[in-house]
Amino acid sequence: MSASSTPSSGLVRMNAPVFYFAATFILLFGITVIAIPQQAGAWLLAAQNWAANTVGWYYMLAMTLYLVFVVVTALSGYGKIKLVADHDDPEFITCPGPACCSPPGSASRCSSSASPSR
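All of these numbers come straight from a predicted model, not from anything done at the bench. (Residues numbered from 1 in each chain as written. Predicted model: local features only at pLDDT ≥ 70, side-chain atom pairs only at ≥ 80, totals over all residues. Heavy atoms only, no water.)

Here we look at the overall build of the chain
When helices and strands are tallied, the chain shows 4 helices and 0 strands. Ordered by position in the sequence, the α and β elements of the chain form the string α-α-α-α. Relative to its 118 residues, the chain shows a buried fraction of 3%. Per element, the accessible surface of the chain, about 10,200 Å² overall, is 71% carbon and sulfur. (Helix = DSSP H or I, 4+ residues; strand = E, 2+ residues; numbered from the N terminus. Buried < 20%, exposed > 50% of the residue type's maximum accessible area, 1.4 Å probe, protein only. Areas by Shrake-Rupley, 256 points an atom, 1.4 Å probe, with all protein chains shown as cover.)

Printed below as a string of structure tokens:
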């Protein structure tokens, strides 16, 4: 995280409107699924079928292009670019490649670096 997004106390700032909207949506979704599981199951199955039939090919194309981009970049000269300043040591020595660039990998990296081990 950059210094501008973290206060000097070390706490992570929260974007209240985004947090409360997401928390409300998740809570309502959970209550709906618990209250009417058969109907919710039918809705989710319909959404899954729509996604598979409508954007399934796009998802496969996007993942294939991403994989080709990652492999080509890693094998080219750009794969040797150091991502920290010359005088800095990397925070994590072994990073599982594309996981550092994917949203789940970034989220796990951010959550693991939120509580420094030093």
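Structure shown, so let's carry the discussion forward.
Description of the packing of helix 1 (residues 16–35) against helix 2 (residues 37–54)
Two elements in contact, helix 1 and helix 2, have axes whose closest approach is 5 Å; the angle formed by their N-to-C orientations is 115°. For the pair helix 1 and helix 2, the contacting residues are Phe29, Thr32, Val33, Ile34 and Ala35 in the first and Pro37, Ala40, Trp43 and Leu44 in the second. Looking at the contact of helix 1 with helix 2 residue by residue, the class counts come to 8 nonpolar, 1 polar and no charged. (Axes fitted to C-alpha atoms, helices over the stretch in contact; angles between N-to-C directions. Contact = heavy atoms within 4.5 Å. Nonpolar A, V, L, I, M, F, W, Y, C, P; charged D, E, K, R; others polar.)

So, the confidence of the model for the chain
Residues of the chain with pLDDT of at least 70 account for 67%, and the chain-wide mean is 76. The least confident element of the chain, judged by mean pLDDT, is helix 4 (residues 103–114) at 50; the most confident is helix 1 at 95. Of the regions scoring below 50 in pLDDT, residues 1–6 engages in 5 contacts with residues more than four places distant in sequence or in other chains. Taken as a whole, residues 110–118 scores under 50 in pLDDT and shows 4 contacts with residues more than four places along the chain or in a different chain. (pLDDT = per-residue confidence, 0-100.)

As for a nonpolar patch on the surface
Together, Trp50, Val55, Trp57, Tyr58, Leu61 and Leu65 line one region of the surface with nonpolar side chains, adding up to about 700 Å² of accessible area. The leading source of residues in the nonpolar patch is helix 3 (residues 56–75), at 4 residues. Within the secondary structure, Trp57 is located in helix 3. For Trp57, a relative accessible area of 59% gives the class exposed. (Patch = residues over 30% accessible without salt bridge, like charges linked within 9 Å, V, L, I, M, F, W, Y side chains within 5 Å. Salt bridge = Lys/Arg side-chain N within 4 Å of Asp/Glu carboxyl O.)

Things to note about the packing of aromatic side chains
Under the definition given, this model contains 3 aromatic pairs. Seen from their ring centres, Phe25 and Phe29 are 6.5 Å apart, and the 15° between their planes marks the pair as stacked. With Phe25 and Phe29 both in helix 1 and 4 residues apart, this pair spans about one turn of that helix. Judged by its relative accessible area of 42%, Phe29 falls in the partly exposed class. Measuring from ring centre to ring centre gives 5.9 Å for Trp57 and Tyr58, while their planes differ by 80°; the resulting arrangement is edge-to-face. Both residues of the pair, Trp57 and Tyr58, belong to the exposed class. (Phe/Tyr/Trp six-rings, centres within 6.5 Å; stacked < 30°, edge-to-face > 60°.)

Some words on the environment of Thr32
Structurally, the position occupied by Thr32 is in helix 1. With relative accessibility at 30%, the residue Thr32 sits in the partly exposed group.

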